[in-house]
Every structure is written in structure tokens, then in C-alpha cells.
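Observations on the three-dimensional arrangement
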Amino acid sequence: MTGLLIDGVLRGAADDRTYPNINPATEQSIGTAPDADRADLDAAVGAARRAFDHTEWSRDHEFRAHCLRQLRNGLEAEKDRLRDVLVREAGVPVALTYSIWLDTILDAVSYWADLAVSYPYQTELAARETLAGAAARRMVLHEPIGVVAAITPWNYPLACNIFKVSAALAAGCTVVLKPAPDTPWSGAELGRVIVEHTDIPAGVANVVTAADPLLGEALVRDPRVDLVHFTGSTQVGKQIMVSAADAVTRVCLELGGKSANIVLDDADIPSLGAAFAGVCAHAGQGCALTTRLLLPRSRYDEGIAVAQAAFEALKCGDPSDPEVVVGPVINARQRARILDLIGQGKQEARILVGGGTPQALTTGYYVEPTLFCDVDPDAVIAQQEIFGPVLAVIPYDDVDHAVQIANNSIYGLSAAVHSGDLERAMTLARRIRTGTVSVNGAVWLAADTPFGGYKQSGLGRELGVEGFAEFLETKSVALPG
Ligand code: NAD
């Protein structure tokens, strides 16, 4: 069993309540997690509030950088244990854990450690007459916002936990992390590493695991919280905005997506099979995956053939098999939801690959990699975030039509462009209303690159200096001068 982290102590929930942690590949429990209740949450928020209001944490930039470097080292030292947790509780294929699910994301902790000391927390404005007519020296201070509620999903459990907690700590905030109910250990293990490997003081970082997602709502509604930093579905993001409104609590929201991959008519289509099938990585449970493939009519059949071959070659199965990239989806409810959307897709488009559950995998929450073509841009499978291994191929007539289809979405998280001409690709990238764009397979995800969504994909940014600034308040001070 893992523990809650409350006020510097790893402990069980009130009344020692626990709930099972289910491995989505075996449908069996791998152990238990503490099932926190309101009293545990109250203690965690109280500890975070006290640590923010009554310690030097928010002002001691050097000490925070030191603690974050310890955290990075601790996470490095515990990587194999964390990898095992990702595979067993989230069904992340082990091959993927060497990339953005675990190994490469640790760079963000070092980035925050550096920014904790190098950020310009105080600037003096250039001389200018004030609106009142008199001269004044004006200082702009950027101060930590206070207590952060970090609420995270199960698809990138460790990455989301690490990004949020380490950025909040680097900025001088204190934090209460509430991981998704399906992936409690990814949160609890981070809490354990904090206790065992760092000097982070009691109360500064707290982790509360619970079976009931609505404990998150209680956290959002707590008036002692200053910022809700959330990653998850657009639907829950909207509920969080409503809950946060009561106390006018600030929110930063990283939400869903339905991103387009636009292949221009001069692209090297035969080389794009891996890019097309990449939407099935981790069973398609990625917010920024390009789940709509836009092909020019002039090369439509060629593009479909490449996608079909790539989908048929995908290996779906046991996530601990190093050759697998398509593991199970997280739980039976998600599988049923995905299969229902695939069923709707069968009414509205032509299916080329998959469309059900793999016959050979009778245990585990598996869904076949599924390829639809001739999809109408307004079809349900072209509009809804499916969050499963499903690609919708849509033909377009010309570049204006491709832009119109790409932007025909309530979401605006990400996009991809493929072209033989980088200038043409860049012109297109500017016309797409999304927070990130990849050109010819280049990866934008890095510690210093702001990431987030336009439209209903979110509010604010994670990572980069912009992401750091989400955790800061701005104070202007005027001095005689
Ligand atoms: P979810 O929205 O169901 O849950 C996310 C978290 O919110 C969980 O911890 C859950 O317990 C909590 N929660 C649920 N109801 C709540 C409420 N009323 N108030 C407060 N907290 C509440 O999301 P999920 O199913 O865990 O994750 C999948 C979703 O996350 C997808 O939509 C995906 O696109 C999105 N996502 C977005 C990003 C991004 O950076 N934009 C990254 C990863 C995942």
C-alpha cells in the first residue's frame, strides 16, 4: 500500500480506508491506495496554507532550487520503480516509458530548479509620468500565488503530477496534489520521493489519493486554495470553472483535443506511416494526438493505403512487452465509451481496420487500433474526443478547405502539418487555431516550450516561462521618485 502525504507525513486515510488499484491489462488489483475523505483533504489544505503563510518557502528561491534538484535526483534514482507503476497501474507500454511518460520529462524538474532562481521576480519600470501627473518610481513584483490545487488525469499520470508539483514548488507555492482515482500510485510515489529524497519542508507538498473523483470538487471549492491547476477533460474543466467561481479562485486548465494532421499534396506520404499510426500510442489516450488525418483528394488513396498498412502492423497487447505500443485503455467504462463511439462511426464512415476488441486478448481493457476513412468533418467521430486508438481520415479539396476543416472543432490543442516545403508548412501553421503545431514530425514538447490550448482545450499554459508565470501574482508598487 502507498500513503497520503499530509504535512510531511506519509500516512493512511482516516479510518484506514483503502481502495483497490486495478491493472487495466489484467483487470486484477495490484494493491491498494488510501481512500482519503474530507477530513484528510482538510488536513492537507490546512498544512499547505500554513506552510505558505508561515514559512520562508515562498521567499527563499535558492532553497527551493536546492530542493528541486534533490527531487530530480530522487526521481532519477527511483526511475525503475516509477516505470513499473506506470506499466501496471496505467497500462503504459514499457517502451513508451523511456520517452515522455517518464524518462525525458524529468528535464522539466531541472528547468524549474533553474527558473526558481533566475526568474525576474522584480523589475523597475522605465521613467514615465503617472496618470496622476506626478512622477513615481514603479516596481512590478511577481509573487507566488499561494496554495495550488493540482488535479491530474490518468493518461500521463506521472508527467502531469511532476510538471504541476515541481512548477508550483519552484515558483514558491505550496501544493495539494489530487491524482486521478485510476492512477493513485503515480501520485503517491511522487509524495514518497519528496519525503525520502528531499528537504522540502512539511506541508509544502501534499498528496491526497481517493476513489471518489468528487474529492477534487471539494478541493476546488476550498477557499484556502488560490489556484486550481487542472489537466483533464473539457467537461470537468467546465465544472471546475463553476466551482472555482464562488471564491473567484484562479484556474489554469489543460483540457481535451481533437487535433488535425494536415498532409499537403507535396508531402512525402510513403514515409508517414508511423506518424499516422502514432495516434494509437498508449491506446490513443493522449490529449494532443492528431486523431483527424486530413488528406488531399489528389493523393487520398495513396495516403489511406499508407495508414492502413501502418495500422495493420501495430502490435497491441501486454504493456510489459517491449515491442507493444498499444496497451489497454484505462478501465471498462472507457472501453465501453470508445466502442460506443466506434459503433457510431460505423454508421457514418467506412472502416478499414479494427472496430472492436482484439479476439486474442480476452482479459484486459483492450480496443483494436481502428481506422476510419471517408469521414465527414461534422461526423461524431470527427468532432468528439474518443480517447482510444481511433483515427478518422477526412479528404480535402485545397489548402483553404483543409484549414476550414482543421479549425472546425470546439478544441484547439494541437495540430500537425506535413509538406515538402517548410515555408508553405509555416504559412499553414499560422492559420491553424491551436496552442501547438508540429511541422514534418518535429516535437514541440520540451521543458521551455509553453503548451496549452485555444478554445475549449484550455486556459493558460503549462511549461515554459509562460507556464511558470501561471503560478505567480503581479503586484505593482509605487515609490516617490
Ligand atoms: P477527467 O476530467 O475525468 O478527470 C481529471 C481529474 O479531475 C481526475 O483527477 C478526477 O478525479 C478529477 N475530477 C473529476 N471530476 C471533478 C470535479 N467535478 N471537480 C474537480 N475534479 C474533478 O479526465 P481523465 O478522464 O482523467 O483524463 C482524460 C482527459 O484529460 C482527456 O479529455 C484528455 O484530453 C485530457 N488531458 C489533457 C491534457 C492537456 O494537457 N491538455 C493532458 C492529458 C489529458
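Our structure is the block above this text.
Overview of the structure. Computed from a predicted structure; not experimentally measured.

The next subject is the overall build of the protein. Looking only at helices and strands, the protein has 16 helices and 22 strands in total. The C-alpha atoms of the protein give 23 Å as radius of gyration, which agrees with the globular expectation for 481 residues (23 Å, within 12%). With the C-alpha coordinates of the protein rotated into their principal frame, the extents come out at 70 × 60 × 40 Å. The 481 residues of the protein split such that 58% are buried. Residue pairs in contact within the protein that sit at least 24 positions apart in sequence constitute 72% of those at least 6 positions apart. Surface exposure of the protein reaches about 18,800 Å², of which carbon and sulfur atoms provide 52%. For the protein, the distance from the average position of its 40 positive side-chain charges to the average position of its 59 negative side-chain charges is 4 Å.

Below, the discussion takes up the packing of aromatic side chains. Taken as a whole, this structure holds nine aromatic pairs when the rule is applied. Of the aromatic side chains, those joined through ring pairs into one cluster are Tyr111, Trp112, Tyr119, Tyr121 and Phe468. If you follow Arg83 out to its NZ or CZ, it ends over the ring of Tyr98, 3.9 Å from the centre.

For the rest of this paragraph, the subject is the site of the ligand. Lining the immediate environment of the ligand, one finds 28 residues, of which Thr152, Lys178, Ser233, Leu255 and Glu385 sit closest. Residue Lys178 places a side-chain N or O atom 3.0 Å away from an oxygen atom belonging to the ligand. The contact in question runs from an oxygen atom of the ligand to an N or O atom on the side chain of Glu385, over 2.6 Å. Relative to its free-state accessible area of 850 Å², the ligand is covered by the protein chains to the extent of 91%. Listed by contribution, the elements that provide at least two residues to the shell around the ligand are helix 8 (215-221), strand 10 (227-231) and helix 9 (234-245). Looking at which element gives the most residues to the shell around the ligand, the answer is helix 9, with three residues. Counted by class, the shell around the ligand contains 16 nonpolar, eight polar and four charged residues. Shared between two domains, the shell around the ligand takes at least three residues from each, and those domains are domain 1 (4-255 + 457-480) and domain 2 (260-439).

Calculation notes
Residues numbered from 1 in each chain as written. Predicted model: local features only at pLDDT ≥ 70, side-chain atom pairs only at ≥ 80, totals over all residues. Heavy atoms only, no water. Helix = DSSP H or I, 4+ residues; strand = E, 2+ residues; numbered from the N terminus. Rg over C-alpha atoms; globule rule 2.2 N^0.38 Å. Buried < 20%, exposed > 50% of the residue type's maximum accessible area, 1.4 Å probe, protein only. Contact = heavy atoms within 4.5 Å. Areas by Shrake-Rupley, 256 points an atom, 1.4 Å probe, with all protein chains shown as cover. Lys, Arg positive; Asp, Glu negative; His and termini not counted. Charge placed at Lys NZ, Arg CZ, Asp CG, Glu CD. Phe/Tyr/Trp six-rings, centres within 6.5 Å; stacked < 30°, edge-to-face > 60°. Lys NZ or Arg CZ within 6 Å of the ring centre and 35° of its normal. Near = heavy atom within 4 Å. Polar contact = N/O pair within 3.5 Å; in protein donor to acceptor, adjacent residues only side chain to side chain. Nonpolar A, V, L, I, M, F, W, Y, C, P; charged D, E, K, R; others polar. Domains from an automatic or database assignment.

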